[in-house]
Every structure is written in structure tokens, then in C-alpha cells.
Amino acid sequence: MFNPAAKEIPLQQFVEVALPVPLRQTFTYRLPFGLHENVKLGARILVPFGKRQITGYAVALHTELSEELEIETDSIKEVIELIDEEPLITEEILKLTQWTADYYASVWGEMLKASLPAGINSTVEQVVSITAKGRDELLTVTSAKTVKVQILQNLAANGETFTKELANVYGTSQTQRAIRELTAKEWISVQHKTLSANVKPKRRKAVRLLAPENHENSKPLTEAQNKVIETILENEGEMLFTDLLETADVGASSIQTLAKRGFLEIFVQEVLRDPLKDAKIPDLLNLTLTDEQATVLTGIETALQTEKYKAFLLHGVTGSGKTEVYIRAMKTVLERGKSSLMLVPEIALTPVFSRRLRAVFADEVAILHSNLSNGERFDEWRRIRQGKARIVIGTRSAVFAPLQNIGLIIVDEEHDGSYRQHEMPFYNGRDVAVVRANYADAVVVLGSATPALETYHNAKNGKYHYLQLPNRVGNRPLAKAEIIDLREVFKIQGKDSVFSAELVSAIEETHEKGEQSIILLNRRGYSQFVLCRSCGENIRCHNCDITLTFHKRENRLVCHYCNHREKTPRSCPSCKSQHLFFLGEGTEQIEDILKRRFSHLRIVRVDRDTTGKRREMERVLEKFSEHEIDMLVGTQMLAKGHDFPNVTLVGVISVDAGLALPDFRSAERTFQLLTQVAGRAGRGDLQGRVIIQTYYPEHYAIKHAQTQNYEAFYAQEIAFRQKLSYAPFVALASILIKHPNYNYAFDNAQILKDCLLKADTEKNCRVLGVAPAPLSRLKNEFRLQILIKARNRAKLRQTLDLALHDAQERFCDLKIISVEIDPMNLL
């Protein structure tokens, strides 16, 4: 019954939208009539932005405008279209992405876009078409030399065309200029078209048997028709149409006739694209936990029972059985009706873990990483969103998986730099995982044999609870490590040598016993650079301040930063001398040398050049585990998380280049790489051996990696960090200013530095720079760097935010400036 005294709920008149544009703010739009009650937070919305239309995300709703906004109501633009009746983004992910964008000084709209699977967003593209005035103008044209005339002719011949297609033909800048001028003269019209999402549910024709009362029995069935029915019965009464054709080996007409006679029904059903469809799922292992594993698991399970946030550092040596602890903890979480998330640093590790998880948890497991097809990723994401998969394994972006009721988050190899996103939007998957666990009152376990210094420091200070697995399963000994001083090798052999006699001998002994080996060099390509012996010039990339790397297989010089490729010259480009010298070894050269020296061995190289094809890495590792490959040669891809019981030898050609990098984490990364790759040896019942070749055997990172003594390395490295004011003792921000014009970049950098100094009124921060970045030019852009150090993170952010606002007021071009909070490297 109508109650005149009842208060009406005020309609939502305005929506605040986060847009994926390089501006750290949200935008207010008016909701048109009919959408006031339909828009929900997290829904995608199509809105006008400048001269284009763009997909944004609803992050707040208002019945009226706040006076603080100081916006004229009449000036507010209206929402064009509501894309989602039901939001794709959950309330939890909205909150998490907002924190992430704020903490990393990133863009909320970009973060929300990154949280969704690739291809799910509709795109809006600009299209142009010729007008009647434009056609009349073409009749008067006598020459087709200008871009404007050529575009008019193109539009007259082909009709409505995407601006992007014209830019591919005539160049972006010339096309944009021509379109502006042609539009002003009314010779063309410009519109925007919304394109549907690139990825949709996969649908396939299927058949199912009907109940006997539907059958028309006037005629007997043919042999083919009987075979169809038998085949469907063998497959539980329902099959895909194409599978039925193939299995029954009949024609489509037999199936269609049966459908007409009421024996079966032909319908369309959704088919999930399963990333593990053709994977070999291992048998379930009935493992008994060691006393150390049981103690660690008890600590985690006790925390799970409280249903309160708790963070653990699980510090376990390589081969100590961390994975089994993870799986047991996940079982406990599932039994409690909650879900689990497991992050791994490399795509190469997901097949290993996901197969094992599928063996234990069946279809409860979903996988998320960028090497899946868009369709597979979309289907996995929807299974998670619908609650059909309660265990998720993936790389860093999986931290935004739409899991509900999370009880446990695991970050394996938490020290790994791959968790850091090095382009917009910036974030560290490990740290975001800790925050997500905090928001969800969940337990988070950070696992590693070589924890990041900041993580171990947090554990020592009580921020994280410390759990330890100091011994390998079965009390197997750690691999014995030997350091080979290449300076002594040079004295003996009288020349530089890639392989010491000790390493060659170890390879021979290992394979005579039928065991396997891994050879590591963290540099791909054949030779690191090409030098002219006559004039001393080295061949550099045209776009970057980097020497080109020689790749022998394709006979090309390649830039590993911008992917510029050019033919290998026969003479020096500068002086035309033919005395070119190829210096430095890469994995391709190591592979060649080993294949010549050990022609009887099956040797395979594993790096980005050989594993570019989808699932190639997975196939190689499977062959290696089945002993179809004797030796793997590769980069750091081989150092993480792999378990090969028959590997007894790891040879490290050199890690000296990594030590020489101008970055405060170079020693830490070298220690971690050596310790991790050493952990690949001796994981079975056989004693492992590690041989490390170096010109710097006295360096503390190498000495402590030899003994795999993390505590000793930490004590020495943390002292340096404290003395030089680096993390974890200071909050650090790295600001990069990038532009093709050096003077333009420098002028904007100087404005920003002045604003930083002005904003730091209490002298809480130390501002270093402006200076050229260690990699001073990449992808045809000069790179300038400003570093900010502060004892207090809040003061750093306050100074940075004030400075950026002031710089914008002074017309500083913020689009060329990127800010990294807690950078993983300073290159």
C-alpha cells in the first residue's frame, strides 16, 4: 500500500569514474535518466573524454555534487553507456586496486584495467569518412602528392575507415595533422565506434539423447544411426557434435535425421577452454612430513583457525619441502570453506605447480598468467568469479583474481624481481598480496630459500612471523659448491677460457654416470657486442644507448631492450675495416661449444629466444624430467623452483656482469641467483655438485653463496644498506623523465626537482639528481633520473604529492614522468 509518509530513496545522479589515462584522479559524470538505479560500483561505463570515448570504472556514486569539487553542474558530461549490469570488479578488488594505485603513485583506472583478463574490455576506436564537400573537393584536385589528398582518395574509395589504419599507412603524426585540417574544412567527418570485446565464451554445437517417449519408431534405424546412439551412450548421453562425428565415424546427416525423429537433441553449449586439458597430471604422492615440516604446518594451521590476518616468512633451504607444506595448508583452507591464492614468479613454474595442484584438488584449481590464450584466461577468470575454482595459481597479476572468502595467500620465491611490474601501472605483487591478506583477515606465507632483505628484516623486527626449514627432506646434504678463480685459469692456459678444466672434467664424470647437468649463464645471444679492432668503435643500437648483441642463428645484431634488429655487418660502419671482433659469451655460444665438445650428449638451450613459442618451455622441462635431455644450458629461467632428482651438477659460467651493475641490489641478486641455481643439484638421493667460475672469488656474495649461508650474507649486506641509506632503512622513490628531446626532458626534470625541494619544507627527504639514468637512452628516449630518500614513507609521499601538484601548476609535462615507489632496480 502506498504510504505518503515514507521517504523516497534519493536517486544517484552522479558517478565517479576511474579512467585508464595517465592522470592520478577520478572524473565525475552525470547519470542519464534510466541509469540512476542500475549503475553499481565496479561496473564498466563508456564515457566521453576530450574528443574520444573511453571505458572507465564506476568507483563512487553521489546523489549530489560536493561543494569541494567546485564543478558547475551544467558543465558535467553525461555517461554514454552502461556496459555491465552486474559489475565485473568486486568490492574487494576495488579497495585493493585503490590502495595499490595510491601506494605506488600509479593510476587507479590503469590498475583496474590490469586486474581484468586481457581482451575483456570493449574498445572505442575513431573512424573517419568523407563528406559531400570532401568529394566535391576531390574533383578539383590535380595532384595526389599531399597526405590530405591521399587520405581523401582513400576514404572515397574505401568508405568509413579506422584512424588507426590510416596511421599505419601515412604515419601517426601526419595522419593526425591531416585529420584535424580536413575536419576543420568539413571535408571529412569523425565518429567513434564501440568495438565488442575480443574474447567471449566459447560455444559449440552438441547433442544429447532424449527420453524414449520422444522417439518416432516408424522406421528401423540404419547401422550408422545405431552407431551414433551407441557412441553417445558410451559418453554419458551427451557429446560435442564434432567429437561425435569423429568418434562414431559417421556423416552429419545421420545425426540430423535422428534429431528429426526425436532420438536426440542438437543444441549449443558453452565449452570451457582448459589450460591443462592436454597436460600430463602426476599421480598423487603419499608423502610423510618431516618433523620440521609438521612444525611449520602446525604454525600456519593454528593461524588459519583464528581467521585473523597473520604474515609468515617461510625460510626453507632449497629442497626442504616447502611445496608440500603449501599443499597441506591449502587442503586445510578448503576444508574450512575458504579459498587460496598461490603466486609464483615465472610462467615457467606454473605448469609444474598447477599439475600437482590439479592432481590434489581437481577442478578446484584455476590458472592465471599471460602465456594463456585470451580465451583460456577469460574462462579461468570467470570460473574464479563464479566461485567454481577456489584455488588459484598464477604470476603477479593473479593477485587481483576475483576470489571470494580468501583464507590463505602463498607467495613462492617471494624475493624474485619478477613480482615487480616495471611499467605503468607499477606495483609489487608480493607486497600487494600481503595487503590483500590483511584486508581479508587471511594468512599470507612468503616462502623462499633466499628471502629479500626487506622481508627478512621485517621478520627480525617482528612484523612477520618467522618459520624455518633448515634441512632438506630426508636429510639430504646441500650440493657441494666449488669456486674456480678464472684469473688462475688464465695463468695456466695463457688465454681467456669459457670452461675451466674442472668444469669440463665434472661434466664428463656426471654424464658417464648417467646423471644430468645444468649450465647457467645469465646472458642470451652468441656474443655480447661487436668491436672494431681498427678504430675501437662498438656497434650500438640506433634507438638505445646499448651495444647490440650478436645472435648467430639468425645472423643478426639485436637490441635486447627495443628489439631493434639489423644484419651483421662484414665491415665496421665507422671506418669500413673488416677487422671486427665478437666479444663476450652468451647462452647460444655456450650451447655451441658444449655440443662440439660433448657431441654424444643431448643438449638443449633454455632462454627467451628458444622458448618464445607457447608451452615450449613446458615441453622442454617435461623431456628433461623424463631423461630425454642430458643437459640444459640457459639463463636464470633454470634457477627457480624446478625439481629434477637426477641433476647432480650445476655449472655457473659467470655471474660477474651482474655484480658490476650500478644498482644497490646487485650483490643481493647475485647471491640469490647462485644459491637458487645451486639448489637444483642433488635433490634426489645422489650428492650434488656446483662449480662457480668467477674473476671475483673474494666477493662476499659469491663466498656466502658457496656455503649457502644466508645469515652471513644478510649480516654483511644489511650493514652496507644501513651505512649508505638504502632499503630497508629508508623509503625510496625513483623518478624517470623520458623524452626523445634531451633538452625538453631536462627542463621538465629541473622543474620537478625545484618543486621537490620546495615541497620538502621540513627537510625530511634527500633529493638526488637530476642525472642521466644508468641506461641513459632506451627506445629512442633520453632517460633522466631523480632519486628521493626519506626515513619516513609518509613524509616521502607527502613531499612527492605536493611536488607533482606544484609541477603541474608550473606546466611541467607529467606525461613524460614515471614514479616508482620501492623500486627493484635503479637502471
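Residues numbered from 1 in each chain as written. Predicted model: local features only at pLDDT ≥ 70, side-chain atom pairs only at ≥ 80, totals over all residues. Heavy atoms only, no water.

Novice: Describe the packing of helix α11 (residues 322-335) against helix α12 (residues 350-361), naming the residues involved and giving the relevant values.
Specialist: Two elements in contact, α11 and α12, have axes separated by 12 Å at closest approach and are oriented at 40°. Relative to α12, the element α11 is oriented oblique. Crossing angle aside, the handedness with which α11 passes α12 is right-handed. Contacts between α11 and α12 involve Thr323, Glu324, Ile327, Met330, Lys331 and Leu334 from the first element and Phe353, Arg356, Leu357, Val360 and Phe361 from the second. (Axes fitted to C-alpha atoms, helices over the stretch in contact; angles between N-to-C directions. Helix = DSSP H or I, 4+ residues; strand = E, 2+ residues; numbered from the N terminus. Parallel < 35°, antiparallel > 145°, perpendicular 65-115°, else oblique. Left-handed = near helix turned anticlockwise from the far one by under 90°. Contact = heavy atoms within 4.5 Å.)

Novice: Describe the packing of aromatic side chains, and please don't skip the residues or the numbers.
Specialist: By convention here, two paired aromatic rings are described through the distance between centres and the angle between planes. Applying the stated criterion across every chain yields a total of 19 aromatic pairs. Between the aromatic rings of Trp99 and Tyr103, the centroid separation amounts to 4.9 Å while the plane-to-plane angle is 15°, which identifies the pairing as stacked. One end of the pair is Trp99 and the other is Tyr103, both in helix α1 (residues 91-103) and four residues apart, which spans about a single turn. A relative accessible area of 22% means that Trp99 is categorised as partly exposed. Residues Phe550 and Phe582 carry aromatic rings whose centres are separated by 4.8 Å and whose planes lie at 55° to one another, so their mutual orientation is tilted. Taken together, the positions of Phe550 in strand β24 (residues 549-551) and Phe582 in strand β27 (residues 580-585) put the pair 32 residues apart, joining distant regions of the chain. Judged by its relative accessible area of 10%, Phe550 falls in the buried class. (Phe/Tyr/Trp six-rings, centres within 6.5 Å; stacked < 30°, edge-to-face > 60°. Buried < 20%, exposed > 50% of the residue type's maximum accessible area, 1.4 Å probe, protein only.)

Novice: Give a detailed account of the sheet that holds strand β5 (residues 81-82), specifying residues and quantitative values.
Specialist: Sheet strands pair by backbone hydrogen bonding; their relative direction is either parallel or antiparallel. Taken together, five strands build an open sheet; the order of strands is β2-β1-β4-β3-β5 and the sheet is antiparallel. A strand with exactly one partner marks an edge of an open sheet, and here the two such strands are β2 (27-30) and β5. Relative to strand β4 (residues 52-62), strand β3 (residues 44-49) runs antiparallel, the two being bridged by six bridges. Paired with Phe49 across the two strands is Arg52, which belongs to β4. (Pairing = 2+ DSSP bridges.)

Novice: Outline the packing of helix α3 (residues 132-140) against helix α4 (residues 147-158), listing residues and values.
Specialist: Look at α3 against α4: their axes get within 10 Å of each other, and the N-to-C directions meet at 120°. Pair α3 / α4 crosses with left-handed handedness. Here Gly134, Arg135 and Leu138 of α3 come into contact with α4, specifically with Val149, Leu152, Gln153 and Ala156. Here the contact of α3 with α4 is composed, by residue class, of four nonpolar, two polar and one charged. (Nonpolar A, V, L, I, M, F, W, Y, C, P; charged D, E, K, R; others polar.)

Novice: Residue-level account of the sheet that holds strand β15 (residues 391-394), with values.
Specialist: One open sheet holds the seven strands; their spatial order is β14-β15-β13-β16-β19-β12-β20, and the pairing between them is parallel. One side of each edge strand has no neighbouring strand; the edge strands of this open sheet are β14 (365-368) and β20 (465-469). The sheet shows a mean angle of 20° between the axes of neighbouring strands, direction not considered. Both strand β12 (residues 310-316) and β20 contribute to a ladder of five bridges, which runs parallel. Opposite Phe312, over in β20, you have His465 as the bridge partner. In the packing of helix α13 (residues 374-385) onto the sheet, contacts are made with β14 and β15, and the angle to β14 comes to roughly 135°.

Novice: Before we move on, could you go through helix α15 (residues 453-460) and cite the residues and values that matter?
Specialist: The buried count for α15 comes to seven of eight residues, which makes it a mostly enclosed element. Where α15 is concerned, the buried positions are Leu453, Glu454, Thr455, Tyr456, His457, Asn458 and Ala459. Of the surrounding elements, those touching the buried residues of α15 are β12, α14 (429-439), β19 (443-448), β20, α21 (666-678) and α23 (710-724). Within two residues after α15, Gly462 carries a phi angle of roughly 90°, on the positive side.

Novice: Tell me about the environment of Ala157, and name the residues and values.
Specialist: Locating Ala157 in the fold gives a position in helix α4. Note on Ala157: relative accessible area 62%, which makes it exposed. Here the alpha-carbon distance between Ala157 and Ile130, two residues 27 residues apart in the chain, equals 9.7 Å.

Novice: Give me the nonpolar core: which residues, what numbers.
Specialist: Across soluble globular proteins, you tend to see nonpolar side chains buried next to one another. Counting 117 residues, the largest nonpolar core has Val392, Leu632, Ile735, Ile737, Leu756 and Ile821 as its most contacted members. Residue contacts for Ile821: discarding those within four places in its chain leaves Tyr103, Tyr104, Ala105, Arg420, Leu732, Ala733, Arg793, Leu796, Arg797 and Leu800. Counting 33 residues, the second-largest nonpolar core is a separate cluster that includes Leu276, Leu314, Met330 and Val333. (Core = buried A, V, L, I, M, F, W, Y, C linked by side-chain atoms within 4.5 Å.)

Novice: Could you give me a rundown of the pattern of salt bridges, with the residues and numbers involved?
Specialist: Counting across every chain of the model gives 53 salt bridges. Among the ionic pairs, Glu238 bridges to Arg208, the shortest N-O distance being 3.4 Å. Here Glu238 is found in strand β10 (residues 238-240), whereas its partner Arg208 is found in strand β9 (residues 203-209), with 30 residues between them in sequence. Residue Glu238 is classed as partly exposed on the basis of its relative accessible area, which comes to 36%. When its relative accessible area of 27% is taken as the criterion, Arg208 is described as partly exposed. Note that Glu717 and Arg721 form a salt bridge whose closest N and O atoms lie 3.1 Å from each other. Of this pair, Glu717 and Arg721 both sit in helix α23, four residues apart, roughly one helical turn. The structure contains a network of salt bridges with shared partners spanning Lys552, Arg553, Glu588, Glu591, Asp592, Lys595, Arg605 and Asp607. (Salt bridge = Lys/Arg side-chain N within 4 Å of Asp/Glu carboxyl O.)

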